[in-house]
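Residue strings, one per chain:
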Protein chains: 2
Amino acid sequence: MSLHNERYQIALDQALTGRDEGGIPIGGALFLGDTLLGQGRNRRVQEDSPIIHGEIDVFRAAGRPQRSWQGNLTLYTTLSPCIMCAGASMIYGISTVVIGENRTFEASEAIMRSSGIEIIVLDDLPTLSMFTEWTAANQELWFEDIPNPRRTT
Amino acid sequence: MSLHNERYQIALDQALTGRDEGGIPIGGALFLGDTLLGQGRNRRVQEDSPIIHGEIDVFRAAGRPQRSWQGNLTLYTTLSPCIMCAGASMIYGISTVVIGENRTFEASEAIMRSSGIEIIVLDDLPTLSMFTEWTAANQELWFEDIPNPRRTT
């Protein structure tokens, strides 16, 4: 198992924890080099909040970025980021975003790439299986979280 | 004073409250038709958080959007949104963004327009005066919040 796949399991575990809480199963983790800075999950249901997507929860947990972190930050996320979370990654100074799957949703990889972020898509089948099963059973909640789901590529 | 200018004062008051708290003076307010749904301000300093920009704080206060709100949501903000807050506005379903000033910072008006959001810039001189004075005196904090400030237009 590659290093990215190994670290990615933290994000997937967060997604599964979210699912078990009755939430939207999207999780993430942030590394500075080899150090885990933070992990988190979508808490729209848990906090009754429209803004706590998985990646936003990760950045909240990791705290205010230091200038010395620039160039060395890798974000792991189970689902390709929405435009809010892509934008958050851009202003946080993320270098690389490692994505579990982008078949269910993909809207913002191009803008992240254009800002200089490296995008790696694992196409992780356990993630895809888990998430497609969940979205099929929870369409109303999913379409509330991402009101205009669409693939752009 | 126009209706937009009148409602905008709530956003500016939020920014001034933030400044008086020692925070970054950017504020916002969200209206559904004639109803104030929420107001907020950047709380990077107050909550020691990298993700609570003014607009994000407004959406947190307003809560999860209902489908019936679509087409009738106007966001007021003292400063032109960064890409995270532009993205948040897009997924929240904002119709119109009324901006106090975009001379200090503008990076995301084009992407909001391309998603169908109407952009109105008040070019409010009290806001511009307040914010340029603050940024000049607090450059480190400002560049931490917006690590890559640039004008794109």
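See the structure above.
One structure accompanies this document, and this report is about it. All of these numbers come straight from a predicted model, not from anything done at the bench.

## Details of the packing of helix 1 (residues 3-20) of chain A against helix 5 (residues 125-137) of chain A
Residues and elements named next belong to chain A.
Then step 1. Look at helix 1 against helix 5: their axes get within 11 Å of each other, and the N-to-C directions meet at 20°. With respect to their mutual orientation, helix 1 and helix 5 come out roughly parallel. Of the two elements, helix 1 crosses helix 5, and the hand of that crossing is left-handed. Across the interface between the two elements, Tyr8, Leu12, Ala15, Leu16 and Arg19 of helix 1 pack against Thr127, Met130 and Trp134 of helix 5.
Then step 2. Along the lines of polarity and charge, the residues of the contact of helix 1 with helix 5 split into 6 nonpolar, 1 polar and 1 charged.

## Concerning the relation of the copies chain A and chain B
What relates the pair of chain copies is a rotation about an axis plus a shift along that axis.
Then step 1. Once turned by 180° and shifted 0.0 Å along the axis, chain A lies on chain B with an RMSD of 0.0 Å. Interpreted geometrically, this transformation is the action of a two-fold axis. The rotation axis passes nearest to the C-alpha of Met84(A) in chain A, at a distance of 2.4 Å.
Then step 2. Same-surface contact between copies: 100% of interface residues of chain A are shared with the interface of chain B.

## Some words on the pairing of strand 4 (residues 96-101) of chain A
All names here are of chain A.
Then step 1. Taken across its 6 residues, strand 4 has 6 buried, putting it largely inside the fold.
Then step 2. For strand 3 (residues 73-79) and strand 4, the ladder comprises 5 bridges, and the chain directions are parallel. Bridging from a neighbouring strand, Tyr76 pairs with Val98 of strand 4.
Then step 3. At this point the chain moves from strand 3, through helix 3 (residues 83-92), to the parallel strand 4, and the crossover so formed is right-handed.
Then step 4. Relative to strand 5 (residues 118-121), strand 4 runs parallel, the two being bridged by 4 bridges. Its bridge partner lying in strand 5, Val98 is registered against Ile120.
Then step 5. What joins strand 4 to strand 5 is helix 4 (residues 109-114), and the crossover it makes is right-handed.

About the cut-offs
- Residues numbered from 1 in each chain as written.
- Chains lettered and ligands numbered in written order.
- Predicted model: local features only at pLDDT ≥ 70, side-chain atom pairs only at ≥ 80, totals over all residues.
- Heavy atoms only, no water.
- Axes fitted to C-alpha atoms, helices over the stretch in contact; angles between N-to-C directions.
- Helix = DSSP H or I, 4+ residues; strand = E, 2+ residues; numbered from the N terminus.
- Parallel < 35°, antiparallel > 145°, perpendicular 65-115°, else oblique.
- Left-handed = near helix turned anticlockwise from the far one by under 90°.
- Contact = heavy atoms within 4.5 Å.
- Nonpolar A, V, L, I, M, F, W, Y, C, P; charged D, E, K, R; others polar.
- Least-squares fit on C-alpha atoms with pLDDT ≥ 70 in both.
- Buried < 20%, exposed > 50% of the residue type's maximum accessible area, 1.4 Å probe, protein only.
- Pairing = 2+ DSSP bridges.
- Right-handed = clockwise from strand over helix to strand, strands pointing away.

On their own, these measurements won't tell you what the molecule is for.
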